[in-house]
Amino acid sequence: MKAYRSAILRFATDSEPRHAAVYESDGLLVVGANAQGTQVVLAVGPYLALKDQFPGVTVEHLPGRIIAPGFVDMHIHFPQTDVIGSPSDGLLPWLEDYTFPEEKRFLAPEYSVQAATFFIAELLRNGVTTALCFATSHPESVNALFAEAQAKNMRLITGLCLMDRNAPVDVLNLAAPDGSNDATEQSLIDTEKLINQWHGKGRLGYAITPRFAPTSSEAQLRGAGELAAKYPDVWIQSHVSENKDEIAWARALFPKSVSYLATYADFGLMRDRAIYAHCIHFDDDDRALMRATGAAAAVSPTSNLFLGSGFFDYAAADRAGFYYGLASDVGGGTSFSPFHTMLAAYYVGREGQTKPGVSLSPQHLWWQHTVGAAQALGLDGRQGRPAVGNLQPGCEADFVVLNPQVTPLLARRTARADSLDELLFAMIVLGDDRLIERTVIY
Ligand code: GUN
Ligand code: ZN
């Protein structure tokens, strides 16, 4: 058992996201094992009220710092770390010109291993303690990422990228080397093998990962859906409705489905724990389908602004009532930093799809990258496991230590904050990796 004395930011799980933040200016966070041996928050609240309840427990005092939940990134591509900032006219040429050529390199195990080491370190350096990640179509990349996350005891979900058409051959799933299976069949065999090898091992989870409908055959999507039914507690991840050209392409390839999104439902790929990146160019039928199936959107604002894809419609999403949370979508996205992503989400909300847009509150922005994202991933205490991302009693205890004095401007501006919203917004607008003094994984 260990305790930390500091300012503490946590989130109520039953409040409206705009007002969900709970802040102690002098708080105590007590961490220890629950009955199952998982390290969780045992108590949290005002220091003065709690200090005598835990005699003998070591208290680390962090004056001037703020403890906050570790961030949750709902969608990021581990093999695209070195693709960030590649200029392009839009999604499809960007994939062709930069992304697919880079992803080819992950066939080599040593390339995957060094990339995984850097990637996990960079997530943690930026305060991200839970992530849902794309790997490549090579099992080597999946093994490398899981192994590195396991070594750092990080909560990480990933899976083999399924793609069997419409891309260069060396980023497609390859047939079994001995020719015993075709490529599609082999990709599904590899997926099941990786599920059995990694899912539920410590803090790791598996995600069935069709890249997006245009790069999968019907047979591959059908097989992915069958695996999703056979393994109901694994995740599913893909992309949808990001870019107008992509949508036209998906509609031409799957004309029998009533919409691009519905293609995934038609193959059994929409349910709880199914996470779709972008979800920009939806109509209300699509939104109702998200809500009815329990699927969630990974909102990726830096990516959507960088690639000129469009603006997630927050008002329409809230009206429909489906799950969503924030994601960096590196390398379409431009930063690993949750502060950059939250600020971009603010800009996207202001722009909206139909003017005037919404003004997302600082608490709601922070919620979307912590407890809201965890809820969207199903890591919210359902199924009897500890929740993630809120730092309430019983929650998993990963946290960040923020130093609001780290730059002269942050120090000046946060000292002038008159309310919690002002404090949070100053950090969202001015923050980056420097604000994360320490990331503590439990
Ligand atoms: N759609 C299919 N693949 C990708 C990808 O790698 N990044 C983004 N942003 N969209 C995609
Ligand atoms: Zn993506």
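Everything numeric here is computed off the predicted structure, so don't read it as measured data. (Residues numbered from 1 in each chain as written. Chains lettered and ligands numbered in written order. Predicted model: local features only at pLDDT ≥ 70, side-chain atom pairs only at ≥ 80, totals over all residues. Heavy atoms only, no water.)

Chemist: Go over the pairing of strand S4 (residues 59-69), please, and point to the residues and values.
Modeler: Relative to S4, strand S1 (residues 2-11) is paired through 5 bridges, and the arrangement is parallel. From the neighbouring strand, tyrosine 4 faces S4, where its bridge partner is glutamate 60. One ladder, built from 4 bridges, connects S4 with strand S14 (residues 399-402); its direction is antiparallel. Each residue of the ladder has a partner; that of isoleucine 67, found in S14, is valine 401. (Pairing = 2+ DSSP bridges. Helix = DSSP H or I, 4+ residues; strand = E, 2+ residues; numbered from the N terminus.)

Chemist: Please provide a residue-by-residue account of the coordination of the zinc ion (ligand 2), values included.
Modeler: Around the zinc ion (ligand 2), the protein contributes the donor atoms His75 (NE2), His77 (NE2), His239 (NE2) and Asp329 (OD), at 2.0 to 2.3 Å from the metal centre. For the zinc ion (ligand 2), the 4 donor atoms are set out with angles of 89 to 166° between them, so the coordination reads as irregular. In terms of primary sequence, the donors binding the zinc ion (ligand 2) are separated according to H-x1-H-x161-H-x89-D. Remark: aspartate 329 occurs in the loop between strand S13 (323-326) and helix H12 (338-351) and histidine 239 occurs in strand S10 (residues 235-240); sequence separation between them is 90 residues. Grouping residues by exposure puts histidine 239 and aspartate 329 together as buried. (Donors = N, O, S within 2.8 Å, 3.2 Å for Na, K, Ca; no water. Tetrahedral: all angles 85-135°; square planar, octahedral: opposite > 155°, others 65-115°. Buried < 20%, exposed > 50% of the residue type's maximum accessible area, 1.4 Å probe, protein only.)

Chemist: Let's hear about a nonpolar patch on the surface: which residues, and what values?
Modeler: Where nonpolar side chains cluster on the molecular surface, the patch consists of Leu107, Val169 and Leu174 and spans about 270 Å² of accessible area. For leucine 174, the location among the structural elements is in the loop between strand S8 (161-162) and helix H5 (183-198). By relative accessible area, which is 42% here, leucine 174 ends up partly exposed. (Patch = residues over 30% accessible without salt bridge, like charges linked within 9 Å, V, L, I, M, F, W, Y side chains within 5 Å. Areas by Shrake-Rupley, 256 points an atom, 1.4 Å probe, with all protein chains shown as cover. Salt bridge = Lys/Arg side-chain N within 4 Å of Asp/Glu carboxyl O.)

Chemist: How would you sum up the pattern of salt bridges? Please name residues and give values.
Modeler: Going through the model one piece at a time under the given rule, you end up with 23 salt bridges. Its salt-bridge partner being arginine 5, residue aspartate 26 comes within 2.9 Å of it at the nearest N-O pair. One end of the pair, aspartate 26, is in strand S2 (residues 21-33); the other, arginine 5, is in strand S1, with 21 residues separating them in the sequence. As a salt-bridge pair, arginine 211 and glutamate 103 come within 2.8 Å of each other at their nearest N and O atoms. Here the residue arginine 211 occupies a position in the loop between strand S9 (204-210) and helix H6 (218-230), and glutamate 103 occupies one in helix H2 (residues 91-103), the gap between them amounting to 108 residues. Ionic contacts of the salt-bridge type, sharing partners, join the residues Arg155, Arg203, Glu396 and Asp398 into one network.

Chemist: Kindly report on the side chain of serine 112, identifying the contributing residues and their values.
Modeler: Summarising the element assignment, serine 112 is placed in helix H3 (residues 109-125). Overall, the relative accessible area of 0% leaves serine 112 in the buried class. Discounting residues that sit within four places of it in the chain, serine 112 has contacts with Phe78, Phe106, Glu140, Ser141 and Ala144. (Contact = heavy atoms within 4.5 Å.)

Chemist: Explain unusual backbone geometry to me, using residue names and the numbers behind them.
Modeler: Excluding glycine, residues mostly have negative phi values, and the peptide bonds linking residues are mostly trans. Cis peptide bonds are those with omega within 30 degrees of zero, and the linkage from valine 330 to glycine 331 qualifies with 5°. Residue placement: glycine 331 occurs in the loop between S13 and H12. Phi at serine 241 is positive, roughly 45°, even though this residue is not glycine. Within the secondary structure, serine 241 is located in the loop between S10 and helix H7 (244-253). For serine 241, a relative accessible area of 3% gives the class buried. Phi at glutamine 383 takes a positive value of approximately 65°, unusual for a residue other than glycine. Along the chain, glutamine 383 turns up in the loop between helix H14 (371-376) and S14.

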